[in-house]
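Each chain is listed here by its residues.
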Amino acid sequence: MVCWALRRVGLARAHLARKASGVCRGHEHQPLGPRPAAPGAPGSAVELLGKSYPQDDYSNLTRKVLSKVGRNLHNQPQHPLWLLKERVKQHFYAQYPGRAGTPLFSVYDDLSPVVTTWQNFDSLLIPADHPSRKKGDNYFLNATHMLRAHTSAHQWDLLRAGLDAFLVVGDVYRRDQIDARHYPVFHQLEAVRLFSRHQLFAGIKDGENLQLFEQSSRSAHKQETHTLEATKLVEFDLKQTLTRLMTHIFGDGLDVRWVDCYFPFTHPSFEMEINFHGEWLEVLGCGVMEQQLVNSAGAQDRIGWAFGLGLERLAMILYDIPDIRLFWSQDERFLKQFRVPDINQKVTFQPLSKYPAVINDISFWLPRENYTENDFYDLVRTIGGDLVEKVDLIDKFEHPKTHRISHCYRITYRHMERTLSQREVGGIHQAVQEAAVRQLGVEGRF
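Residues numbered from 1 in each chain as written. Predicted model: local features only at pLDDT ≥ 70, side-chain atom pairs only at ≥ 80, totals over all residues. Heavy atoms only, no water.

Q: Would you explain the overall build of the chain in this entry?
A: Scanning the chain for helices and strands turns up 13 helices and 15 strands. In terms of overall size, the chain behaves like a compact globule, its C-alpha atoms giving a radius of gyration of 24 Å where 446 residues would be expected to give roughly 22 Å. By the burial criterion, 52% of the 446 residues in the chain qualify as buried. Partitioning the contacts of the chain with sequence separation of at least 6, the portion at a separation of at least 24 is 66%. Approximately 20500 Å² of the chain is accessible, and the part contributed by carbon and sulfur atoms is 50%. Side chains of the chain carry 53 positive and 52 negative charges; the gap between the two charge centres is 3 Å. (Helix = DSSP H or I, 4+ residues; strand = E, 2+ residues; numbered from the N terminus. Rg over C-alpha atoms; globule rule 2.2 N^0.38 Å. Buried < 20%, exposed > 50% of the residue type's maximum accessible area, 1.4 Å probe, protein only. Contact = heavy atoms within 4.5 Å. Areas by Shrake-Rupley, 256 points an atom, 1.4 Å probe, with all protein chains shown as cover. Lys, Arg positive; Asp, Glu negative; His and termini not counted. Charge placed at Lys NZ, Arg CZ, Asp CG, Glu CD.)

Q: Is there a simple way to explain the UniProt feature "domain: FDX-ACB" (unreviewed entry) in the chain in this structure?
A: In the numbering adopted here, UniProt assigns the feature "domain: FDX-ACB" (unreviewed entry) to residues 353-445. Here residues 353-445 runs as 33% helix and 32% strand, with 35 Å between its end C-alpha atoms. (UniProt positions renumbered as here; feature names shortened; annotations may be inferred.)

Q: Can you walk me through the packing of aromatic side chains in this structure?
A: Centre-to-centre distance and the angle between the planes together describe a pair of aromatic rings. Summed over all chains, the structure comprises 23 aromatic pairs. An aromatic cluster is defined as three or more aromatic residues linked by ring pairs; in this entry it consists of F92, Y96, F105, W305 and F307. When the ring centre of F270 is taken as reference, the NZ or CZ atom of K239 above it lies at 4.1 Å. For the cation-ring pair, R257 lies above W280, with the distance from its terminal atom to the ring centre recorded as 4.2 Å. (Phe/Tyr/Trp six-rings, centres within 6.5 Å; stacked < 30°, edge-to-face > 60°. Lys NZ or Arg CZ within 6 Å of the ring centre and 35° of its normal.)

Q: Even after reading the chapter, I still don't get the pairing of strand β11 (residues 303-310), so can you show me in this structure?
A: In the case of a regular strand, side chains alternate between the two sheet surfaces. Of all eight residues making up β11, seven are buried, and the element is well covered by its neighbours. In this structure, strand β7 (residues 185-195) lies alongside β11, joined through eight bridges in antiparallel fashion. Within β11, the residue paired with R193 across the bridge is W305. In terms of strand pairing, strand β10 (residues 279-289) meets β11 through five bridges, oriented antiparallel. Across the sheet, C286 pairs through a bridge with F307, a residue of β11. (Pairing = 2+ DSSP bridges.)

Q: Any chance you could explain the packing of helix α12 (residues 373-384) against helix α13 (residues 422-440) here in plain terms?
A: Geometrically, a packed helix pair is captured by the angle between its two axes and the distance between the axes. Look at α12 against α13: their axes get within 10 Å of each other, and the N-to-C directions meet at 140°. Put simply, α12 runs oblique to α13. Crossing of α12 against α13: the hand is right-handed. Each of D375, F376, L379, V380, I383 and G384 in α12 lies in contact with α13, whose residues at this interface are I428, A431, V432, A435, A436, Q439 and L440. (Axes fitted to C-alpha atoms, helices over the stretch in contact; angles between N-to-C directions. Parallel < 35°, antiparallel > 145°, perpendicular 65-115°, else oblique. Left-handed = near helix turned anticlockwise from the far one by under 90°.)

Q: What should I look at first to understand the sheet that holds strand β15 (residues 443-444) in this one?
A: Sheets are built from strands that pair by backbone hydrogen bonding, the pairs being arranged parallel or antiparallel. One open sheet accounts for four strands, arranged β13-β14-β12-β15; its pairing is antiparallel. Looking along the sheet, the strands with just one partner apiece sit at the ends: β13 (388-398) and β15. The strands touched by α12 within the sheet are β12 (358-365), β13 and β14 (405-413), with β13 carrying the most contacts at an inclination of about 145°. Helix-sheet contacts for α13 involve β12, β14 and β15, and the interaxial angle to β12 is about 15°.

Q: Sorry, what's going on with the layout of surface pockets here?
A: The space that makes up the largest pocket amounts to roughly 1100 Å³. The wall of the largest pocket is formed by 43 residues, among which A149, R174, F186, Q188 and F263 lie closest to the centre. Elements represented by at least two residues in the lining of the largest pocket include exactly β7, β8 (255-263), β9 (266-276), β10, β11 and α10 (311-319). Each residue belonging to the lining of the largest pocket can be placed in one class, and the counts come to 19 nonpolar, 14 polar and ten charged. (1 Å grid on protein atoms, 1.4 Å probe; cavity = no way out; pocket = protein on both sides within 12 Å on 5 of 7 lines; lining within 4 Å. Points joined across faces, edges and corners; volume = space filled by probe spheres on them. Nonpolar A, V, L, I, M, F, W, Y, C, P; charged D, E, K, R; others polar.)

Q: I keep staring at the nonpolar core and nothing clicks. Help me out?
A: When a protein is soluble and globular, its nonpolar side chains tend to lie buried together. Within the largest apolar cluster, 75 residues are counted, with the highest numbers of intra-cluster contacts made by L147, M246, F250 and F307. It is helix α8 (residues 228-250) that contributes the most residues to this core, eight residues altogether. Apart from residues no more than four positions distant in its own chain, M246 is found in contact with G251, L254, M272, I274, V283, L284, L309 and L314. Among the nonpolar cores identified, the runner-up in size contains 27 residues, and L125, L158, L163 and V192 belong to it. (Core = buried A, V, L, I, M, F, W, Y, C linked by side-chain atoms within 4.5 Å.)

Q: Looking at this model, I keep getting lost on unusual backbone geometry. Mind explaining?
A: If a residue is not glycine, its phi is most likely negative; likewise, a peptide bond is most likely trans. Along the chain, H267 connects to P268 via a cis peptide bond; the corresponding omega equals -5°. Looking at where P268 falls in the secondary structure, it is placed in strand β9. Of note, L125 is a non-glycine position whose phi angle comes to about 65°, a positive value. Structurally, L125 can be placed in the loop between α5 (117-120) and β5 (145-147). At D206, a position not held by glycine, the phi torsion is positive, near 60°. You can see D206 is positioned in the loop between α7 (197-201) and α8.

As structure tokens, this is what we get:
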């Protein structure tokens, strides 16, 4: 474990990086709260990235999602997500040099997406009853391990290793609806920066008399342990950093606004919106890090900020890409548009020919319990794959006597590279119907 005293006297960044890499791959954590017990071996296991994970009642990974693990689109040269990642890296390297001219921010873009539930939730102070913990919204290998739902799952480890300025980029996994802007796998980029008292107040008039911490009450503007002066300076630095980043990506003259919001691991918290082509669009979330999180990772003498953004969302706005499935396409007509000699070269995406859709509906009575819409969406994705463009819940009906509930979904099938036949789609749709009855316990009305 890297200690703060060693880091203060100039421990090399490369050594910190090696330590952090080891920590993120399985270091024993100091718990913030209770952790689940290790599951017993029920006789089957999930093999993933060279490791075996025993399955239990929490296991809900699908073949579709497993096939995406390790693809790492953000690390494939000339892919649009790689281009965006590299532009952000270049900006941070150029704008924020550290000592001796080396980059201030370390970059981690190859950390394993398999994390513990403690890393994904407890380390970030996410309450035990928070909706984001639901099995229906996440992909679990078992009760103690999962595919990360956000790159923030690595924050605690990197802070504990002694880093105080870093970027994390990676694939994240969430069960969600099916449409042109949602996919069970997407990519996040986030950053953290911590400040010592000297760093934060350097250059501030009478800064030597200012403090980072105090014991007071929490308000809408600050945490109970932070002084108002420290909070405002961290908030100012965060917003300046993000405004410069978005200007670098989208160009000069960008209008920006900040919307107050809530995250369990920051306070105060904000969403950043930009006005692009006359429309206000939310692009990221950010805030002043909860001091309890920072303290638990061993940085009790520091205060900091964090932000996180979705690479697909930014790329869809920047390049005007209409469908999130395109990022996974092998279609040369798509990929060749992003093979540019300079990562900062403007790319104007030329839409591909849109092949006709084939639309089929499916109706069924729900089981009395243990049904979630995300279960059905996962089933459709597993069977239909990327042929499914979207799924809409178009009707709900409750029987007046039995009070049973019926759902009707409209499934839009569309291939990205050719025309689908009704016969071809019919076979897939029948498989969806049969699997819904067999796996979800619904009663078909087809």
